[in-house]
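Take a look at the letters that make up each chain.
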Amino acid sequence: MASSLSAFLNWRPNTPFYYGWLVLGLSGSGAFAATVVAGVVLGGIQILVSEDTGWPRSWIGYSASCGVLMSGVFAPFAGRLADRYGPRWLMPVGLIVAGLCMLALSAVNAVWQFFVVAVIARAISQPFLIGVVPRTMAVNFFNRRRNIALAFTGIFRPISGALIVPLFAVITLIADWRTAFLIFGLFSLVLVIPMSIVMRRRPEDIGLLPDGARAPLAAAHGSQGAAGGSRPPESQGVPAEASWTSKEAMRSRAFWMVSIVAFLNVSGSSGLGFSLVPYLHEFAGLTTIQATGVLSISTFLALSSLVWGQIAGRLTPRWCIVGAMGVSALATLGLLQVNSLLVAYAFGIFWGLFHSALEVLLYMVLADYFGRNSYGAIAGAMRPFEASGLALGQIVGPVVYDLTGSYTILILFSATVQGMAMMLMLLARRPERRLLAPEAA
């Protein structure tokens, strides 16, 4: 009986390609589900909810900000769990919580209920389905192709947002916004089944090495490491890399500088993204559908992260961040001149090509500087900075609008903090440490 249960739990589909690509691809569907309660979607649908209920937009902003702040509080714990257990059990848990919360959102009838449920959904789903857990999985399954794998985890959320916002609007036009949450909640719960079957912690657990090299079966089931997982089998052709513990990384100057850059970058870009639709609607003369179209094309251009992943392999992620932040800051100032649909789309394309890559490039820097063995804990430790920036950014726009009736201060704030982040990134050089071969790491 025990052996049958073990065989059932260990079964996985055979693939004609490297199994890591299947794991990576399925994590994208989890990110899609979690993005329904992410700030980019709540910002895009805030008008739909507010017009139907009469609830203040600022309260929707508060829910997005508080939710992402709580995700930052939870992320360090999620990172350590990701290092120890991997995504197989963590991601289904995230889907269950997100799905149940979406079902609850479809039935709320008071703004405080919306606030509480949205905060819970965001706090759990972000680290489990979008952030630290899938990124740790990507770093574990890939070495030479690590930047590309991280680029994929970076594009899942913005691409999902680009699809969900207009889809949400269409469902709302046909039925209402509650029906949209109901549909997405059911999708999340159904997704738990394939996620539980496919996901694994590391390639070594299934007889593979990063990027698809074959490992001896005995080595794959070798002695247990301190974290409770299998030690990596000895390999040939797998590049040596820096191997830092989380404590060592957090004692380095580079970790804190990159974390501050993450805070500044996200506080600027998220504030702009959250308030882009109402700004274009009320100050550039676009309809709500046209404004959501601009937001969608901008977020859809997160596909450029795949190109940035290739460029980062040549120029290093650090220099890519410096260049992308500078261009993004200039594009943000250009938003003040948007006065037509054509110019709005030009802004959306230009801004999307550069700013959308910044988040994933920062996580490439962590992998490049500190390696994979404690990547979950290290990435989780940076997440509170990122979450604080998201919380600040998503509330600045609605509050500024309520106080001044304008978004000009928000745009200037966004450009300024992105410029500051660019300058700080110039100083965040790689920390020095001896290189270890993978089997010694």
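Digging into the packing of aromatic side chains
Within a pair of aromatic rings, the relevant descriptors are the distance that separates the centres and the angle that separates the planes.
Okay, step 1: Applying the stated criterion to the full structure yields 23 aromatic pairs.
Okay, step 2: Seen from their ring centres, Phe-32 and Phe-187 are 5.8 Å apart, and the 80° between their planes marks the pair as edge-to-face. Of the two residues, Phe-32 sits in helix α2 (residues 19–35) while Phe-187 sits in helix α9 (residues 177–190), which places them 155 residues apart along the sequence.
Okay, step 3: Phe-32 gets classed as buried once you look at its relative accessible area, which sits at 18%.
Okay, step 4: With relative accessibility at 35%, the residue Phe-187 sits in the partly exposed group.
Okay, step 5: These aromatic residues form a ring-pair network of at least three members: Phe-32, Trp-55, Phe-114, Phe-168, Trp-177, Phe-181, Phe-184 and Phe-187.
Okay, step 6: Residue placement shows Arg-135 over the ring face of Tyr-363; its charged tip is 3.9 Å from the ring centre.
Okay, step 7: One cation-aromatic arrangement involves Arg-318 over Trp-319; the distance from NZ or CZ to the ring centre is 4.9 Å.

Here we look at empty space enclosed by the protein
Okay, step 1: One pass over the full model with this rule turns up four cavities of 30 Å³ or more.
Okay, step 2: Volume-wise, the largest cavity comes out at about 450 Å³.
Okay, step 3: Around the largest cavity, the lining comprises 27 residues; the ones closest to its centre are Arg-157, Ser-269, Ser-270, His-355 and Glu-359.
Okay, step 4: The set of elements that each furnish at least two residues to the lining of the largest cavity consists of α3 (39–53), α6 (111–130), α8 (146–174), α13 (253–283), α14 (288–300), α17 (341–355), α18 (358–370) and α19 (375–404).

A short note on a nonpolar patch on the surface
Okay, step 1: Where nonpolar side chains cluster on the molecular surface, the patch consists of Val-307, Ile-311, Leu-315 and Trp-319 and spans about 370 Å² of accessible area.
Okay, step 2: Counting residues per element, the nonpolar patch draws most heavily on helix α15 (residues 304–315), at three residues.
Okay, step 3: By the secondary structure assignment, Val-307 is in helix α15.

Remarks on the environment of Leu-42
Okay, step 1: For Leu-42, the location among the structural elements is in helix α3.
Okay, step 2: Under the relative-accessibility criterion, Leu-42 is labelled buried at 2%.
Okay, step 3: The sequence separation of Leu-42 and Gly-61 amounts to 19 residues, and the corresponding C-alpha distance is 7.8 Å.
Okay, step 4: Look past the residues within four positions of Leu-42 in its chain and what remains in contact with it is Val-37, Ile-60, Ser-63, Ala-64, Phe-114 and Phe-274.

Things to note about α6
Okay, step 1: The sharpest bend along α6 comes to roughly 25°, located at Ile-124, with the proline Pro-127 sitting one to four residues further on.
Okay, step 2: With 14 of 20 residues buried, α6 lies mostly within the body of the structure.

Describing the confidence of the model for the protein chain
Predicted coordinates in areas of low pLDDT are best not read in detail.
Okay, step 1: Summarising the model, the protein chain shows a mean pLDDT of 82, and 89% of its residues fall at 70 or more.
Okay, step 2: Per-residue pLDDT stays below 50 along residues 435–441; that stretch engages in 17 contacts with residues further than four places along the chain or on separate chains.

Focus: the packing of α3 against helix α4 (residues 57–85)
Okay, step 1: α4 packs onto α3 with a crossing angle of 155° between their chain directions and a minimal axis gap of 9 Å. Judged on the interaxial angle alone, α4 and α3 are roughly antiparallel. Once α3 is placed against α4, the crossing between them reads as right-handed. For the pair α3 and α4, contact is made by Gly-39, Leu-42, Gln-46, Ile-47, Val-49 and Ser-50 and by Arg-57, Ile-60, Ser-63 and Ala-64, respectively.
Okay, step 2: Across the contact of α3 with α4, the residue classes break down as five nonpolar, four polar and one charged.

Conventions and cut-offs
- Residues numbered from 1 in each chain as written.
- Predicted model: local features only at pLDDT ≥ 70, side-chain atom pairs only at ≥ 80, totals over all residues.
- Heavy atoms only, no water.
- Phe/Tyr/Trp six-rings, centres within 6.5 Å; stacked < 30°, edge-to-face > 60°.
- Helix = DSSP H or I, 4+ residues; strand = E, 2+ residues; numbered from the N terminus.
- Buried < 20%, exposed > 50% of the residue type's maximum accessible area, 1.4 Å probe, protein only.
- Lys NZ or Arg CZ within 6 Å of the ring centre and 35° of its normal.
- 1 Å grid on protein atoms, 1.4 Å probe; cavity = no way out; pocket = protein on both sides within 12 Å on 5 of 7 lines; lining within 4 Å.
- Points joined across faces, edges and corners; volume = space filled by probe spheres on them.
- Patch = residues over 30% accessible without salt bridge, like charges linked within 9 Å, V, L, I, M, F, W, Y side chains within 5 Å.
- Areas by Shrake-Rupley, 256 points an atom, 1.4 Å probe, with all protein chains shown as cover.
- Salt bridge = Lys/Arg side-chain N within 4 Å of Asp/Glu carboxyl O.
- Contact = heavy atoms within 4.5 Å.
- Bend = angle between axes of the 7 residues up to and from the residue.
- pLDDT = per-residue confidence, 0-100.
- Axes fitted to C-alpha atoms, helices over the stretch in contact; angles between N-to-C directions.
- Parallel < 35°, antiparallel > 145°, perpendicular 65-115°, else oblique.
- Left-handed = near helix turned anticlockwise from the far one by under 90°.
- Nonpolar A, V, L, I, M, F, W, Y, C, P; charged D, E, K, R; others polar.

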